[in-house]
Amino acid sequence: MTDITFSPTSSIFEQREALLEEWTPDELVGRDEELERFHAALQPVINGESPSNIFLYGKSGVGKTAATRYLLQALERDAEPVSDLNLHTIEINCDGLNSSYQVAVALVNELRDPADQISNTGYPQASVYQFLFNELDQVGGTVLIVLDEVDHIRDDSLLYKLPRARSNGDVTDAKLGVIGISNDLDFRNQLSSKVRSSLCEKEVSFSAYDARELQLVLQQREAVAFKDDVLDDGVIEMCAAYGAKDSGDARQALDLLLEAGDLARENNGELVTESHVRRARQRLQTDQVVEGIRNYSDHGQLVLYAVTLLAEQGDTPARTKDILSAYERVAIEEGVDPVSERSVRDYLGELDQLGIISSTEYNRGKGGGKYKEHELEQSISSVKTGLAELLETTP
């Protein structure tokens, strides 16, 4: 093996970190309406009044968390010189914390000294809540609790207790406000009416970015991330157009621009071009497909494997009945009982929605009837990469 060495390269990026998710801009662009409503909902805090409970919702990557951090930083800054205003903010991401108990434990430990943490098991829920209320009163002043990805909490006990903690007498020395952030557009409707009325006191809906707004976001980051004059004409516009078309997700648009810059640097280029953007999109889509397949259900993977086998044999597009037969064979080889024909049809529909296969319906009239044909939309190699764990166990 030849010796591998690393040497710095700086022909493309000035500050690559500006394209990463954790980078916080000095100004939030493309979210003017949302910021205005969010700012108004936070205004009671600076007036020394009890804070509102605020609920933010919208698809992933539309700026909810970024807007929260941006406004809370501004609020903390402006609250500092205000006499008699003692402001504290706490942020918890609820991904991986699927119960009120676990979130309450995380909040207690966030408020406590590292040497005085509590474990995630072993306490009655009422005791953990009391620990939390005691810590909040110990902090005192105005406390804003941010619960990001709040839709991961499966029960609504904490979401009922926290917003009502002061009115119920659980907290006496702290003015408490809860900011819930959800990527699940239907989560609000799933809450009980008593929780919804308190948690969703003020609501801010974040819409998907359009291409113009994504251009503003990308231009802001590009000015910091790249050296002068290394982006070819049309690169920002192409990344924004793809981002708006795919999901209106700023994170995806930024990832695309970052990947295009990385590709240019890998090829020792001096300029990031539209060709780099197209190649970056293909690479990212392949990565997303692979990850999506890996996280797909076992029988869904077996259905996809059946389609892949038929594709390798040159037998696609294939009718549903042919895929069903191939699926039943691989399921038996795997030692599992095949699911019903209806379930296989459902899996094929999901794979079509995910963009992993494409399905076309035909109607041949009374003689031929209706049927669907399916074929892979992604390359066999990328699908097999996603199915790697399954294929390792297949005889």
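Coordinates for the structure precede this section.
What this report covers is the structure whose coordinates are included nearby. Only a predicted model underlies this, so the values are computations on that prediction, with no experimental measurement involved. (Residues numbered from 1 in each chain as written. Predicted model: local features only at pLDDT ≥ 70, side-chain atom pairs only at ≥ 80, totals over all residues. Heavy atoms only, no water.)

## Considering the overall build of the protein chain
So, step 1. Broken down by element type, the protein chain carries 17 helices and eight strands.
So, step 2. Across its three principal directions, the C-alpha atoms of the protein chain cover 75 × 55 × 55 Å.
So, step 3. The 395 residues of the protein chain split such that 45% are buried.
So, step 4. Accessible surface for the protein chain amounts to roughly 20600 Å². Of this, 43% is attributable to carbon and sulfur atoms.
So, step 5. Charge-centre separation for the protein chain: the mean point of 38 positive side chains lies 7 Å from the mean point of 70 negative side chains. (Helix = DSSP H or I, 4+ residues; strand = E, 2+ residues; numbered from the N terminus. Buried < 20%, exposed > 50% of the residue type's maximum accessible area, 1.4 Å probe, protein only. Areas by Shrake-Rupley, 256 points an atom, 1.4 Å probe, with all protein chains shown as cover. Lys, Arg positive; Asp, Glu negative; His and termini not counted. Charge placed at Lys NZ, Arg CZ, Asp CG, Glu CD.)

## Notes on the side chain of Ser100
So, step 1. Inspection of the secondary structure assignment puts Ser100 in helix 3 (residues 100–111).
So, step 2. Contacts of Ser100, omitting those with residues within four sequence positions, involve Tyr129, Ile153, Asp155, Asp156, Ser157 and Leu158. (Contact = heavy atoms within 4.5 Å.)

## Observations concerning the side chain of Arg112
So, step 1. Inspection of the secondary structure puts Arg112 in the loop between helix 3 and helix 4 (125–139).
So, step 2. Within the structure, the side chain of Arg112 is placed 3.0 Å from the side chain of Glu135, a separation counted as a polar contact.
So, step 3. Non-local contacts of Arg112, meaning those with residues more than four positions away in its chain, are made with Gln117, Ile118, Phe131 and Glu135. (Polar contact = N/O pair within 3.5 Å; in protein donor to acceptor, adjacent residues only side chain to side chain.)

## As for unusual backbone geometry
So, step 1. For the bond from Thr316 to Pro317, the omega torsion is 5°, close enough to zero to count as cis.
So, step 2. Its place among the elements puts Pro317 in the loop between helix 12 (298–312) and strand 6 (318–319).
So, step 3. Unusually for a residue other than glycine, Asp84 sits at a positive phi of about 65°.
So, step 4. With respect to the secondary-structure elements, Asp84 resides in the loop between helix 2 (64–79) and strand 2 (87–93).
So, step 5. Here Asp84 falls in the exposed class, since its relative accessible area comes to 84%.
So, step 6. Unlike most non-glycine residues, Glu149 shows phi in positive territory, near 55°.
So, step 7. By the element assignment, Glu149 lies in the loop between strand 3 (141–148) and helix 5 (157–161).

## Overview of the pattern of salt bridges
So, step 1. Overall, the coordinates contain 16 salt bridges when judged by the stated rule.
So, step 2. The shortest N-O distance in the salt bridge between Arg112 and Glu135 comes to 3.0 Å. One end of the pair, Arg112, is in the loop between helix 3 and helix 4; the other, Glu135, is in helix 4, with 23 residues separating them in the sequence. An identical accessibility class is assigned to Arg112 and Glu135; each is buried.
So, step 3. Across the salt bridge formed by Arg283 and Glu266, the nearest N and O atoms sit 3.4 Å from each other. With Arg283 in helix 11 (residues 274–294) and Glu266 in helix 10 (residues 250–266), the pair connects residues that are 17 residues apart, well separated along the chain.
So, step 4. One connected set of salt bridges, linked through shared partners, spans Arg16, Asp262 and Arg265. (Salt bridge = Lys/Arg side-chain N within 4 Å of Asp/Glu carboxyl O.)

## Looking at helix 10
So, step 1. Taking 1.5 Å of rise per residue, 17 residues should cover 24 Å, and helix 10 covers 24 Å from first to last C-alpha, within 8% of that figure.
So, step 2. Most of helix 10 sits inside the fold, with 13 of its 17 residues counted as buried.
So, step 3. Positive phi appears at Asn268, one or two residues downstream of helix 10, with a value of about 55°. (Expected span 1.5 Å × (residues − 1).)

## Quick look at the pairing of strand 3
So, step 1. Within strand 3, seven of the eight residues are buried, which leaves it mostly tucked inside the rest of the structure.
So, step 2. In terms of strand pairing, strand 2 meets strand 3 through seven bridges, oriented parallel. If you follow Ile92 over to strand 3, its bridge partner there is Leu147.
So, step 3. In this sheet, strand 4 (residues 174–182) lies alongside strand 3 in parallel orientation, the contact comprising seven bridges. By the bridge assignment, Thr142 is partnered in strand 4 with Lys175. (Pairing = 2+ DSSP bridges.)

## Side note on the packing of helix 12 against helix 13 (residues 320–333)
So, step 1. In contact at an axis separation of 8 Å, helix 12 and helix 13 are set at 115° when each is read in the N-to-C sense. As helix 12 runs across helix 13, the sense of the crossing is right-handed. On helix 13, the residues that touch His299, Leu302, Val303, Tyr305, Ala306, Val307, Leu309 and Leu310 of helix 12 are Asp322, Ile323, Ala326, Tyr327, Val330 and Ala331.
So, step 2. Along the lines of polarity and charge, the residues of the contact of helix 12 with helix 13 split into 12 nonpolar, one polar and one charged. (Axes fitted to C-alpha atoms, helices over the stretch in contact; angles between N-to-C directions. Left-handed = near helix turned anticlockwise from the far one by under 90°. Nonpolar A, V, L, I, M, F, W, Y, C, P; charged D, E, K, R; others polar.)

## Let's talk about the packing of aromatic side chains
So, step 1. Counted by the stated rule, this structure contains seven aromatic pairs.
So, step 2. Aromatic side chains Tyr129 and Phe133 sit 6.5 Å apart centroid to centroid with 45° between the ring planes, which places their arrangement in the tilted category. With Tyr129 and Phe133 both in helix 4, this residue pair falls four residues apart, about one helical turn.
So, step 3. Since its relative accessible area comes to 6%, Tyr129 is described here as buried.
So, step 4. With a relative accessible area of 3%, Phe133 lands in the buried category.
So, step 5. Centroid distance Tyr296 to Tyr347: 6.1 Å. Interplanar angle 85°. Geometry classified as edge-to-face. A residue pair is termed long-range when its members are at least 10 positions apart, and Tyr296 in the loop between helix 11 and helix 12 and Tyr347 in helix 14 (residues 341–353) qualify at 51 residues. (Phe/Tyr/Trp six-rings, centres within 6.5 Å; stacked < 30°, edge-to-face > 60°.)

## Some thoughts on the packing of helix 1 (residues 32–46) against helix 2
Between two packed helices, both the angle of their axes relative to each other and the distance between the axes serve to describe the pair.
So, step 1. Following both chains from N to C, one finds helix 1 and helix 2 inclined at 35°, their axes separated by 11 Å at the closest point. For the crossing formed where helix 1 meets helix 2, the hand is right-handed. Contact residues: Leu35, Phe38, His39, Leu42, Val45 and Ile46 in helix 1; Ala67, Thr68, Tyr70, Leu71, Leu72, Leu75, Asp78 and Ala79 in helix 2.
So, step 2. For the contact of helix 1 with helix 2, the residue count by class is 11 nonpolar, two polar and one charged.

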